[in-house]
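Descriptive analysis of the structure
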Amino acid sequence: MTYCVAMRLADGLVFASDSRTNAGFDQISTFRKMHVFEKPGERELVLLSAGNLATSQSVISLLERRAGTDVHNVLSSACMFETAEIVGQTMREVIRRDNPDGKVGHVDFSCSLILGGQIRGEEPRLFNIYPEGNFIEATQETPYFQIGESKYGKPIMDRVVHYNTPLDRAYQCALISFDSTMKSNLSVGMPIDVAIYQRDALKPCFTEQIEEDSRYFHELRLQWHEGIQVLFNQLQPPVLGDR
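Residues numbered from 1 in each chain as written. Predicted model: local features only at pLDDT ≥ 70, side-chain atom pairs only at ≥ 80, totals over all residues. Heavy atoms only, no water.

Bringing the environment of G148 into the picture now. Within the element layout of this structure, G148 appears in strand β10 (residues 144–148). Measuring from C-alpha to C-alpha, the distance between G148 and L113 comes to 9.6 Å, with 35 residues separating the pair along the chain. (Helix = DSSP H or I, 4+ residues; strand = E, 2+ residues; numbered from the N terminus.)

Below, the discussion takes up helix α4 (residues 167–184). The end-to-end C-alpha separation of α4 is 26 Å, in line with the 26 Å expected for 18 residues at 1.5 Å each. The complete set of buried residues in α4 reads L167, A170, Y171, C173, A174, L175, I176, S177, F178, D179, T181 and M182. (Expected span 1.5 Å × (residues − 1). Buried < 20%, exposed > 50% of the residue type's maximum accessible area, 1.4 Å probe, protein only.)

Pairing between strand β5 (residues 34–39) and strand β6 (residues 43–51): six bridges, direction antiparallel. Bridge assignment links V36 to a residue of β6, and that residue is V46. Linkage of β5 to β6, two consecutive antiparallel strands, is achieved through a turn of three residues, within which G41 is found at a positive phi near 90°. (Pairing = 2+ DSSP bridges.)

All right, on to the packing of aromatic side chains then. Applying the stated criterion across every chain, the model contains four aromatic pairs. Relative to F135, the ring of F127 lies with its centre 5.5 Å away and its plane at 85°, an arrangement referred to as edge-to-face. Ring centres 6.3 Å apart and planes at 15° place the aromatic pair Y171 and Y216 in the stacked group. Of this pair, Y171 sits in helix α4 while Y216 sits in helix α5 (residues 215–234), and the two are 45 residues apart along the sequence. Within the aromatic cluster, the residues linked to one another by ring pairs are F81, F127 and F135. (Phe/Tyr/Trp six-rings, centres within 6.5 Å; stacked < 30°, edge-to-face > 60°.)

Moving on: the pattern of salt bridges. Inspection of the entire model under this criterion finds 12 salt bridges. Here D18 and K33 are joined by a salt bridge, their closest N and O atoms 3.1 Å apart. Note that D18 is positioned in the loop between β2 (12–17) and β3 (20–23) and K33 in the loop between β4 (28–30) and β5, a separation of 15 residues in sequence. An identical accessibility class is assigned to D18 and K33; each is buried. Its salt-bridge partner being D200, residue R199 comes within 3.7 Å of it at the nearest N-O pair. When salt bridges that share partners are traced, they join E122, R125 and E137 into one network. (Salt bridge = Lys/Arg side-chain N within 4 Å of Asp/Glu carboxyl O.)

By size, the foremost hydrophobic cluster in this structure holds 27 residues, and its most contacted members are V5, M7, M157, F178, I192, V194 and I210. Contributions of two or more residues to this core are made by β1 (3–9), β2, α3 (154–160), α4, β11 (192–198) and α5. Among the elements that make up this core, the one with the highest residue count is α4 (nine residues). Setting aside chain neighbours within four positions, we find I210 in contact with Y171, L175, M190, P191, I192, V194 and F217. (Core = buried A, V, L, I, M, F, W, Y, C linked by side-chain atoms within 4.5 Å. Contact = heavy atoms within 4.5 Å.)

All right, on to the sheet that holds strand β8 (residues 125–129) then. Sheet architecture is open: five strands sit in the order β5-β6-β7-β8-β9, paired in antiparallel fashion. At either margin of the open sheet sits one strand with a lone partner, and together these are β5 and β9 (135–137). Taking the axes of each pair of neighbouring strands and ignoring which way they run, one obtains an average angle of 20° across the sheet. One ladder, built from nine bridges, connects β6 with strand β7 (residues 111–119); its direction is antiparallel. Considered in β7, the bridge of A50 is made with S112. (Axes fitted to C-alpha atoms, helices over the stretch in contact; angles between N-to-C directions.)

On to the confidence of the model for the protein. Chain-level statistics for the protein give a pLDDT mean of 89 and a share of 91% at 70 or above. In the model of the protein, β4 stands out as the element of lowest mean pLDDT, 47, in contrast to β8, which has the highest, 98. (pLDDT = per-residue confidence, 0-100.)

With that settled, consider the packing of α4 against α5. To characterise two packed helices, one gives the angle between the axes of the helices and the distance between these axes. Between α4 and α5, whose axes approach to 10 Å, the crossing angle comes to 75°. Considering the angle they form, α4 stands roughly perpendicular to α5. Within the contact between the two elements, α4 uses Y171, Q172, L175, I176, D179, S180 and M182 and α5 uses Y216, F217, L220, R221 and W224. (Parallel < 35°, antiparallel > 145°, perpendicular 65-115°, else oblique.)

Glancing now at a nonpolar patch on the surface. A contiguous nonpolar surface patch, about 340 Å² in accessible area, is contributed by L231, F232 and L235. Tracing the backbone shows L235 in the segment after α5. (Patch = residues over 30% accessible without salt bridge, like charges linked within 9 Å, V, L, I, M, F, W, Y side chains within 5 Å. Areas by Shrake-Rupley, 256 points an atom, 1.4 Å probe, with all protein chains shown as cover.)

Before going further, it helps to spend a moment on the sheet that holds β11. Strand order across the open sheet formed by five strands is β10-β1-β2-β11-β12, with antiparallel pairing between neighbours. Single-partner strands in this sheet number two, and they are β10 and β12 (206–210). The average undirected angle you get between the axes of adjacent strands in this sheet is 10°. Here β2 runs beside β11; their pairing, made up of six bridges, is antiparallel. The residue bridging S17 from the neighbouring strand is D193, located in β11. Sheet contacts for α4: β1, β2, β10, β11 and β12; angle to β1, the most-contacted strand, approximately 160°.

Here's what the structure looks like:
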């Protein structure tokens, strides 16, 4: 299981993903789920992945192998919409190759992707690409996407994030969303990869990998926990029986 979240905001884009792919009694595996494609001065693209690891790795490998070649690829596309089409087509290609008849042995070969970035000449854009290869785009009214184990981290996103949220606050919200998810589901775990892209920069994102010993993350989760407790204790309790 995994959890990824990405936001398209007035000031730019924020991405975050965990690295855990298996959490059992005797084995914990980690693989990076954030991948960057870039041409400084022309385009900056970030891809987050969730779902079947073999499928997502094959998709990323094909995209990387074709980048810079004569084949139409994510570094030669004319716009972000066209880039999302290339990623979706590559996903369908991999699934048809590895699992042409649907499910084999009750194994789900599907994966989900979030693609975000900016190509020179257009606005930053963000797409949620489904296992079937089709996709939807984030808007000012719906500025974020989640894939993977999303339900535990969704309430904070719904209550806090809007299109005009500053990038630093969105970064905080992403970390709190991960903390809430990890609190309730052990299959999501550290480290957390974060990328922040500032609108119109067209240069490499600010990136950070947050490890278990991150002082800032521990302070943030403690402040959030204590703040919720204080707020809850300040709520006016009901008068039971007087309804």
